[in-house]
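Structural overview for review
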Amino acid sequence: MLRSVLLVAAAAEAAAFLGGGTPALHTPVLKTPMLQRPNKAAVSLSPRAKHCNRLSASPITMQLASSAGPTLAASQSAAVDKIKASRSMEAKGYPDEMGFGSFTIGDGQGTLQAYEAPGANNVAWCSSLNIAGPSKAISSLTMWCGPIAEVPHLCARTVVTDNSVDLFIDFRPRAYGAYETVQPDGGYGEPATREWFTHKAVRDTNTELFFTPPVVDWAAAIRAKGTPKPPATGDDLLYRGPLAIDVSFPADDASVAMCAAACAEAAAMWDGWMATTPPLPAGMKVTSTYAYDTKMRAQMFGVLVGFYTALFGDQGRSLAAADAGPLDEAYVGGAS
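Cut-offs and rules
Residues numbered from 1 in each chain as written. Predicted model: local features only at pLDDT ≥ 70, side-chain atom pairs only at ≥ 80, totals over all residues. Heavy atoms only, no water. Core = buried A, V, L, I, M, F, W, Y, C linked by side-chain atoms within 4.5 Å. Buried < 20%, exposed > 50% of the residue type's maximum accessible area, 1.4 Å probe, protein only. Helix = DSSP H or I, 4+ residues; strand = E, 2+ residues; numbered from the N terminus. Salt bridge = Lys/Arg side-chain N within 4 Å of Asp/Glu carboxyl O. Pairing = 2+ DSSP bridges. 1 Å grid on protein atoms, 1.4 Å probe; cavity = no way out; pocket = protein on both sides within 12 Å on 5 of 7 lines; lining within 4 Å. Points joined across faces, edges and corners; volume = space filled by probe spheres on them. Nonpolar A, V, L, I, M, F, W, Y, C, P; charged D, E, K, R; others polar. Expected span 1.5 Å × (residues − 1). Arc of directions from axis to C-beta. Axes fitted to C-alpha atoms, helices over the stretch in contact; angles between N-to-C directions. Parallel < 35°, antiparallel > 145°, perpendicular 65-115°, else oblique. Contact = heavy atoms within 4.5 Å. Phe/Tyr/Trp six-rings, centres within 6.5 Å; stacked < 30°, edge-to-face > 60°. Lys NZ or Arg CZ within 6 Å of the ring centre and 35° of its normal. Polar contact = N/O pair within 3.5 Å; in protein donor to acceptor, adjacent residues only side chain to side chain. pLDDT = per-residue confidence, 0-100.

Attention now goes to the nonpolar core. If you look at the biggest cluster of nonpolar residues, it comprises 48 residues, and the most contacted ones within it are Leu-154, Leu-167, Ile-169 and Trp-270. Residue contributions to this core peak at twelve residues, all from helix H8 (residues 253–276). One finds Ile-138, Tyr-308, Ala-322 and Ala-324 within the second-largest nonpolar core, a separate group that totals 21 residues.

A separate point is the pattern of salt bridges. The final tally for this structure, using the stated rule, is eleven salt bridges. Taken together, the shared-partner salt bridges connect Asp-170, Arg-172, Asp-236, Arg-240 and Asp-246 into one network.

Glancing now at the environment of Lys-225. In this fold, Lys-225 is placed in helix H6 (residues 213–225). Spatially, the C-alpha atoms of Lys-225 and Phe-249 are 7.5 Å apart, while their sequence positions differ by 24 residues.

Burial analysis of strand E9 (residues 245–249) places five of its five residues in the buried class, the great majority of the element. Burial along E9 is two-sided: Ile-245, Val-247 and Phe-249 and Asp-246 and Ser-248, pointing in opposite directions, are all buried. Two elements, strand E7 (residues 165–172) and E9, share five bridges in a ladder whose sense is antiparallel. Across the sheet, the residue bridging to Asp-166 is Ser-248, located in E9. Taken together, the two bridges between strand E8 (residues 227–228) and E9 define a ladder with antiparallel strand orientation. Counterpart to Pro-228 in the pairing with E9 is Val-247.

Over the atoms rolls a probe the size of a water molecule, and in doing so it shows where empty space is left. Considered as a void within the structure, the largest cavity measures approximately 90 Å³ in volume. Surrounding the largest cavity, Leu-72, Ser-75, Gln-76, Ala-79, Ser-139, Leu-141, Ala-156, Thr-158, Cys-259, Ala-260, Cys-263 and Ala-264 form its lining. Elements supplying a minimum of two residues to the lining of the largest cavity: helix H3 (63–87), strand E5 (137–145), strand E6 (153–160) and H8. Residues of the lining of the largest cavity, tallied by class, amount to eight nonpolar, four polar and no charged. Considering only enclosed or pocket space, the second largest cavity measures out at about 80 Å³ in volume. As for the second largest cavity, its lining consists of Trp-125, Thr-142, Trp-144, Arg-297, Met-300, Phe-301, Leu-304, Asp-323 and Ala-324. Mapped onto the lining of the second largest cavity, the elements with two or more residues apiece are E5, helix H9 (284–312) and helix H10 (314–324). Classifying every residue of the lining of the second largest cavity by side-chain character gives six nonpolar, one polar and two charged.

Before going further, it helps to spend a moment on helix H5 (residues 194–209). Within an α-helix, residues lying three or four positions from one another point in the same direction, as the helix has 3.6 residues per turn. A rise of 1.5 Å per residue sets the reference length of H5, with its 16 residues, at 22 Å; its end C-alpha atoms lie 24 Å apart and thus fit the reference within 8%. For H5, every residue scored as buried is listed here: Trp-196, His-199, Val-202, Arg-203 and Asn-206. One face of H5 carries all of its buried residues, which in axial projection span an arc of 125°. Exposed positions of H5 whose direction lies more than 90 degrees from the buried face are Arg-194, Phe-197 and Glu-208.

Time to look at the layout of surface pockets. Estimated volume of the second largest pocket: approximately 690 Å³. Considering the residues around the second largest pocket, the lining is formed by 28 residues, among which Tyr-179, Val-182, Gly-241, Pro-242 and Leu-243 are closest to the centre. It is H5 that contributes the most residues to the lining of the second largest pocket, five residues altogether. Considered class by class, the residues forming the lining of the second largest pocket number 16 nonpolar, three polar and nine charged.

What follows covers the packing of H3 against H8. Each pair of packed helices can be summarised by the angle the axes make with each other and by the distance between the axes. Between H3 and H8, whose axes approach to 10 Å, the crossing angle comes to 10°. By the angle between their directions, the pair H3 and H8 is classed as roughly parallel. Counting all contacts with H3, which are made through Leu-64, Ser-67, Ala-68, Thr-71, Leu-72, Ser-75, Ala-79, Lys-82, Ile-83, Ser-86 and Arg-87, the residues of H8 involved are Asp-253, Val-256, Ala-260, Ala-264, Ala-267, Trp-270, Asp-271, Met-274 and Ala-275.

Quick look at the packing of aromatic side chains now. One pass over the full model with this rule turns up ten aromatic pairs. Between Phe-307 and Tyr-308 the ring centres are 5.4 Å apart and the planes differ by 70°, which places this aromatic pair in the edge-to-face class. A relative accessible area of 0% means that Tyr-308 is categorised as buried. Of the aromatic side chains, those joined through ring pairs into one cluster are Phe-171, Phe-210, Phe-211 and Trp-273. Above the face of the Phe-307 ring, Arg-157 is positioned so that its terminal group lies 4.1 Å from the ring centre.

Right, let's talk about the side chain of Gln-76 for a bit. For Gln-76, the location among the structural elements is in helix H3. Here the side chain of Gln-76 touches Leu-129 through a polar contact of 3.3 Å, landing on its backbone oxygen. Residue contacts for Gln-76: discarding those within four places in its chain leaves Ser-128, Leu-129, Asn-130, Ser-139, Ser-140 and Leu-141.

Turning next to the confidence of the model for the protein. The pLDDT averaged across the protein works out to 85; a share of 79% of its residues lies at or above 70. Note on residues 1–45: pLDDT under 50 across the span, and 80 contacts to partners over four residues away in sequence or across chains. Overall, residues 330–336 carries pLDDT values under 50, and its contacts beyond four positions in sequence, including any with other chains, amount to 27 contacts.

Here is the structure:
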């Protein structure tokens, strides 16, 4: 009873912190994995994945993770229900086919639901994952757009252990904007190549349509409350958006409530962009967006393999395959 009261109070505190509502609304040479279902080959863990491994091996007291699981799942379910209604998403059987519709992993119980929205609704893949157990709770939402509009993809994930509450939110751009070259003053240096102007055009479009000042301020306010995680490297850095949130908070109910609220607001922003962003004209822009997305989706699968393997061992690789979706399947949102 006391924990329920604390969660209600924490949710109110998080809502106040987040402003009480949702803000108004030359590709690089990249190493791309084969687009195929994963095998059981060994995974080499990145420093970021090793950080996850340290979390999974920590001593267990775990009252927070046990109570956080239902809180995170309920918030994410409500966010997905709103998108299902607005985008007319249909359930997919892929998680069940992969053995992850309802499953046991580590000391936790998990569910994975997947959806799509063909045609103009333009959702190629939606994955809603929830895991709850005494040692950790995970809530992860992935919204993958088809190539007929340039709305950024959404990745939103909260991981709760006895050590911390970790939040990751990223709106991933649909074309390469060289965001990793940002200077300390927020600029991108002086033009030196023709590609510089191409990258600037991508950034300008994203700023006008999506990464507006209120959204920038929203992301900055959340990051300012947390401790930054180790910086991304390699392809992961190249594909991240300029507003990526990757931070840790204290292991308490207030942090859980704040992260749940932040992920819900991110989902609402994404859904708003989907409703207001005009489709791309047919032709080369759609083709180039599809090609860039194909590489990014494969790269994101590789990141998930490292992340989930660090937390759950060999079973994490299979979970990554189920969460990422069928990499060898053509876009539903753009092909129908």
